[in-house]
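Analysis of the macromolecular model
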Amino acid sequence: MTLATIFSVRLFAQDLLNGLSLGAVFALLGLGVVLIYKSSGVLNFAHGSIAMFSTYIYFEITRSFSGIPLPVATIMAVAFGALLGAGFYLTVFRRMQEAGLLAKVIASLAVAGVLQGTAAFIWRNASQARVPQQLPEGSLRVSSIGLSYQEIGTILITLAVGIGLILVLRHTTFGIALRATAQNRMAARMLGVRETRVAATSWAIGGGLAALAGVLVIPLAVLTVYSMTGYMVRGFVAAVVGGFVSLPAALIGGFALGAAQESLKATPADQLSSVFAGLAIAVLLLARVERFFALDQELRALQELG
Amino acid sequence: MIASGSRFRSFRFLASATALALMLSSCALFKPERVAIRSSTLQTLSPTPIAPGSTIAASPGATTGPKVVFQPGSSGSAAGKPNYASDEGVTSDVIRLGTIQPMDGPAAQLGRPLYRATQAYVNDLNARGGINGRRVELYLQTACFTCEAENKLAAQALVEQKHVFAIVNTYMNTYAFSSALNYLNEKRVPLIQGWSGVGGERLVWGAQQTPWNVYYTVRNDDGVYVFARWLEAALTKWNAAPSHPLPAGCEDHPYWVGAVYLDSSQDERRTDEFERVWNSFGSDHQVKSKQKVAAEEEAVTRMDSAISAMADAHACGAFSATNATMVFGMQAAKRQGWKVPWVAKSAWGRAATDNCGSACDGGFTDNNGWGWPQILTPQMRQYHAVMARYYPDSSDDAQTLGGWIGMMAFEYASGRLGADLKRRDLMANLTGLRNFETGIGATINSSSADHLGMSQTMMLQICHNRFYRVSNWLAASTHPPGSISSPCGWGY
């Protein structure tokens, strides 16, 4: 048996590219999870449901207003996701600031259930909806390797949004307030940081990111009330990479996870691909990866939340 | 530094919560949609009974001997009303049946039409006077499509609380139904259907493995011959086409193909069987790549890796062991510019026409042996009339026709038993059908060793988001026609 029979460089490269486009979705979701966790201490299990619901909104807009430019519909869906995120914070999670992590997790599961149930009811006759893609069909091919325009767009948009978000958090008042809140809530409050505003803004950005992930990836798949569940698990892995505190790590982690998971399929260890995310979570938890990204104050603050 | 042990515990909690959320979200329970039944407009149909042995166009492959032509209402209901109960779930007035369906979420696309066909048949049956004077009551249990425990609980509820006589038209051939199936076999409760989502195998679905279950569809060992011959014909056409649309190199090896299947033992067996048949066609027929796709939504909807592997193996055609791998495989193939003929098992349904768009144009699949709505036999006309009466907004597909066949078999087999309706006798009738013509699907010849009973199927083609019938009945030994009638032609 030669090496060529068990390993193809072309196949590996193609799977790697596929993985990067998939990883972009994980990264978008992971960024939102980290942002929300940093600002309010909520491990948002409703994140995937916000993505799903916003994607149904995108589907409904494109279905009801035929001829509407798809970028406009996309922006409307992302804005809806942002409203949804901020709305859930202001109506549910703001009241749970002093609650324990378990209570917040249960609340987020309840929110996820409400969203799934509502979507299942509203769109029961469109149980497997086909959603239009924003970029043209077809693919960009170099030699025998290629990637569809939708996937290329997903990667580029994620990089732009992710880097932009990181820069905003580093260089704006909001970013400083968010980091201050994450490190020491009491001190931040005493210094005049409006915790509710910071958290609501973070939830809005997180919801918008979730919606963006949904409307970019679902046109290549199919929309159901459970569509984002699998993606969300990987989004959590991306968040774990950064110990739930580091946005750059979540961004890189998402891409790395997608690339690793997909490129494994081109190796003799292809069976590991489907369980790779689970293995990654276990390894990251055992390695206590958050130590590498979080300041001691952040760790202490997050521990207090839990 | 902070005490890291506490933080580690927190993370372990997060991981556990993630797992819990996954379990909950995969089996979320919602109230089933209420299906409107226009009971106020119930009228008795006037079926035209067809006597056994009468002449109608025979299906190819029917064995010799007298033909049993059955039309709902042509037997049983005229007999005198029994005055005693026969078996569990049967009283002097009523026969209780149960059905288990996914009525919510994405799988409702499968469950709702099957339930509607079953309920419509029962409504019509009762309007005709029931079976030997007994009215049929149908009890519906909703169960998540992928939740094994929930399916078993549903079966237990029907047997132990509703005391049903038999269960009809479920998705028993999915892995999530295995516990329920074992339970029903253990309790000796008949399970009767013409539809279960995926095809079965003669060796698996016999008296030893599932003694209390019949499942009328085309047998795997016959079906794969039909698929293999069809793919061979398509490849020959593509290769002879003036523009030769097959990938580079296929002019030298036109019969190298790839196969893709879901990670389930049934799909894997079907793919292995296809490979065996394909290889038997000649040394130039080779399955160069077999791709297993994890049975998870994310993996199924993103099959780019599997497609890359098949293209990399220089495959010139594709066989899909199940519908989802065709629908999403053809989409991934289009993204990657890999254009080859596709043949799939069991892709007839809205999943293909609603979700695939132009990517699936030209793809071939079969009808599981369950006929075609436009072939208007007397039985098919009756099916259309009843469905239009109770569910005027429903469409015809594999689920509704399959469910109808299951109910026809039940009415026929129980009607023959007269007043004394026993489960064991019912199963003996259901597994002893000879040349049984439903007019809805292929001829059924069941036996104690073969609970599937069909050996023919028809090929269909997806084109512009609808299905076209492109063949008559085909059996293992039948060759495809030289030309087909569909706007997409042979698909290139």
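Here is what the cut-offs are and how they apply
- Residues numbered from 1 in each chain as written.
- Chains lettered and ligands numbered in written order.
- Predicted model: local features only at pLDDT ≥ 70, side-chain atom pairs only at ≥ 80, totals over all residues.
- Heavy atoms only, no water.
- pLDDT = per-residue confidence, 0-100.
- Contact = heavy atoms within 4.5 Å.
- 1 Å grid on protein atoms, 1.4 Å probe; cavity = no way out; pocket = protein on both sides within 12 Å on 5 of 7 lines; lining within 4 Å.
- Points joined across faces, edges and corners; volume = space filled by probe spheres on them.
- Nonpolar A, V, L, I, M, F, W, Y, C, P; charged D, E, K, R; others polar.
- Pairing = 2+ DSSP bridges.
- Helix = DSSP H or I, 4+ residues; strand = E, 2+ residues; numbered from the N terminus.
- Phe/Tyr/Trp six-rings, centres within 6.5 Å; stacked < 30°, edge-to-face > 60°.
- Lys NZ or Arg CZ within 6 Å of the ring centre and 35° of its normal.
- Salt bridge = Lys/Arg side-chain N within 4 Å of Asp/Glu carboxyl O.
- Axes fitted to C-alpha atoms, helices over the stretch in contact; angles between N-to-C directions.
- Left-handed = near helix turned anticlockwise from the far one by under 90°.
- Patch = residues over 30% accessible without salt bridge, like charges linked within 9 Å, V, L, I, M, F, W, Y side chains within 5 Å.
- Areas by Shrake-Rupley, 256 points an atom, 1.4 Å probe, with all protein chains shown as cover.
- Core = buried A, V, L, I, M, F, W, Y, C linked by side-chain atoms within 4.5 Å.
- Buried < 20%, exposed > 50% of the residue type's maximum accessible area, 1.4 Å probe, protein only.
- Polar contact = N/O pair within 3.5 Å; in protein donor to acceptor, adjacent residues only side chain to side chain.
- Expected span 1.5 Å × (residues − 1).
- Arc of directions from axis to C-beta.
- Disulfide = S-S within 2.5 Å.

Residue and element names in this part refer to chain B. When pLDDT is averaged along chain B, the result is 81, and 80% of the positions lie at 70 or above. Low pLDDT, under 50, characterises residues 21-63; the stretch is placed with 96 contacts to residues that sit more than four places away or in other chains. We note a pTM of 0.77 for the whole complex and an ipTM of 0.73 for its interfaces.

For the rest of this paragraph, the subject is empty space enclosed by the protein. All names here are of chain B. For the coordinates displayed, the defined rule picks out four cavities of 30 Å³ or more. Its boundaries defined by the atoms lining it, the second largest cavity holds a volume of some 50 Å³. Forming the walls of the second largest cavity are eleven residues, and the residues nearest its centre are P102, F145, N151, Y171 and F177. Each residue belonging to the lining of the second largest cavity can be placed in one class, and the counts come to seven nonpolar, four polar and no charged.

With that settled, consider the pairing of strand 1 (residues 139-142) of chain A. Sheet analysis places strand 1 of chain A next to strand 2 (residues 145-148) of chain A, joined by four bridges and oriented antiparallel. Bridge pairing in strand 2 of chain A links R141 of chain A to G146 of chain A.

Counted under the stated rule, the structure contains 23 aromatic pairs over all chains. Here a set of aromatic residues connected by ring pairs shows up, and it is made of F53, Y56, F59, F80 and W123 of chain A. Its end group placed over the ring of W256 of chain B, K288 of chain B keeps NZ or CZ at 4.1 Å from the ring centre.

What follows deals with the layout of surface pockets. The computed volume of the second largest pocket comes to approximately 930 Å³. Around the second largest pocket, the lining is made up of 39 residues, and of these K265 and D270 of chain A together with Q291, S305 and A309 of chain B lie nearest the centre. Ranked by residues supplied to the lining of the second largest pocket, first place goes to strand 9 (residues 286-293) of chain B with six residues. Counted by class, the lining of the second largest pocket contains 15 nonpolar, eleven polar and 13 charged residues.

Think of it this way: side chains of opposite charge can pair up when their charged atoms draw near. Residue and element names in this part refer to chain B. On inspection of all chains with the given rule, the structure shows 21 salt bridges over all chains. For R116, the salt bridge identified is with D393, shortest N-O distance 3.4 Å. Pair noted here: R116 is in helix 2 (residues 108-127) and D393 is in the loop between helix 11 (378-390) and helix 12 (398-416), with a separation of 277 residues, a long-range link. A network of salt bridges, in which partner residues are shared, links R96, R135 and E137.

Let's shift gears to the packing of helix 3 (residues 47-64) of chain A against helix 4 (residues 70-91) of chain A. Residues and elements named next belong to chain A. Running from amino to carboxyl end, helix 3 crosses helix 4 at an angle of 145°, the nearest separation of the two axes being 9 Å. When you trace helix 3 past helix 4, the crossing you get is right-handed. In contact with I50, F53, S54, I57, Y58, I61 and T62 of helix 3, helix 4 contributes L70, A73, T74, M76, A77, F80, G81, L84, G85 and F88. Tallied by class, residues from the contact of helix 3 with helix 4 come to twelve nonpolar, five polar and no charged.

Time to look at the sheet that holds strand 3 (residues 135-142) of chain B. All names here are of chain B. Within the open sheet, the five strands sit side by side as 3-2-4-5-6. Their pairing is parallel. Both edges of this open sheet fall to strand 3 and strand 6 (213-215), since each of them pairs with a single strand only. Here the average twist between neighbouring strands, direction ignored, is 25°. In this sheet, strand 3 lies alongside strand 2 (residues 94-101) in parallel orientation, the contact comprising eight bridges. Its bridge partner lying in strand 3, T99 is registered against L140.

Before going further, it helps to spend a moment on a nonpolar patch on the surface. On the surface, L156, L159, I163 and L167 of chain A cluster together to form a nonpolar patch covering roughly 350 Å² of accessible area. Checked against the element boundaries, L156 of chain A lands in helix 6 (residues 149-171).

The subject of this paragraph is the packing of helix 2 (residues 9-40) of chain A against helix 10 (residues 229-241) of chain A. Packed helices, taken two at a time, are described by the angle between their axes plus the distance between the axes. All names here are of chain A. Between helix 2 and helix 10, the least distance of the axes is 7 Å, while the angle of their chain directions is 65°. The crossing of helix 2 and helix 10 is right-handed. Residues L22, V25, F26, L29, G30, V33 and V34 of helix 2 lie in contact with helix 10, whose contacting residues are Y231, M232, R234, G235, F236, A238 and A239. When the residues that make up the contact of helix 2 with helix 10 are grouped by side-chain class, the tally is eleven nonpolar, two polar and one charged.

A few words on the nonpolar core. Residue and element names in this part refer to chain A. Among the nonpolar cores identified, the biggest contains 92 residues, and L29, Y56, F93, M228, Y231 and F244 are the most heavily contacted of them. The element best represented in this core is helix 2, accounting for 13 residues. Beyond its immediate chain neighbours, meaning those up to four positions away, L29 contacts H47, A51, A210, A213, M228, Y231, M232 and G235.

With that settled, consider the environment of E148 of chain B. Residue and element names in this part refer to chain B. With respect to the secondary-structure elements, E148 resides in helix 3 (residues 148-161). Put simply, E148 and A352 are 204 residues apart on the chain and 26 Å apart in space, counted from C-alpha to C-alpha. Here S178 takes part through its side chain, which lies 3.0 Å from a polar atom of the side chain of E148.

All names here are of chain A. Given a rise of 1.5 Å per residue, 32 residues ought to cover 46 Å, and the 45 Å separating the end C-alpha atoms of helix 2 matches this to within 8%. When you tally the buried positions in helix 2, you get 26 out of 32 residues, the bulk of the element. At the exit of helix 2 stands G41, carrying a positive phi of roughly 70°.

Residues and elements named next belong to chain B. Topologically, R135 is positioned in strand 3. Contact partners of R135, with chain neighbours within four places excluded, come to D93, V94, I95 and N126. A polar side-chain atom of R135 sits 3.3 Å from a polar atom in the side chain of E137.

Our next topic: helix 12 (residues 276-287) of chain A. Residues and elements named next belong to chain A. If you check helix 12, its first and last C-alpha atoms are 16 Å apart, about what twelve residues at 1.5 Å a residue would give, namely 16 Å. Among the residues of helix 12, those classed as buried are A277, A280, I281, L284 and L285. Summarising the axial view, the buried residues of helix 12 lie within an arc of 125°, below the 170-degree limit, and thus occupy one face. Every exposed residue of helix 12 that faces more than 90 degrees away from the buried side is listed here: V283 and L286.

Residue and element names in this part refer to chain B. In the Ramachandran plot, N169 falls in the positive-phi region, its phi being about 50° despite a non-glycine side chain. If you trace the backbone, N169 turns up in the loop between strand 4 (166-168) and helix 4 (178-187). On the basis of relative accessibility, which here comes to 0%, the residue N169 falls in the buried class.

Moving on, we come to the state of the cysteines. Residues and elements named next belong to chain B. For the structure on display, the rule yields four disulfides over all chains. The residue that forms a disulfide with C250 is C316, at a sulfur-sulfur distance of 2.0 Å. Residues C250 and C316 share a disulfide whose torsion about the S-S bond is about -100°; that sign makes it left-handed. With a gap of 66 residues between them, C250 in the loop between helix 5 (220-240) and strand 8 (256-262) and C316 in the loop between helix 8 (304-312) and strand 10 (318-320) connect regions that are remote in the sequence.

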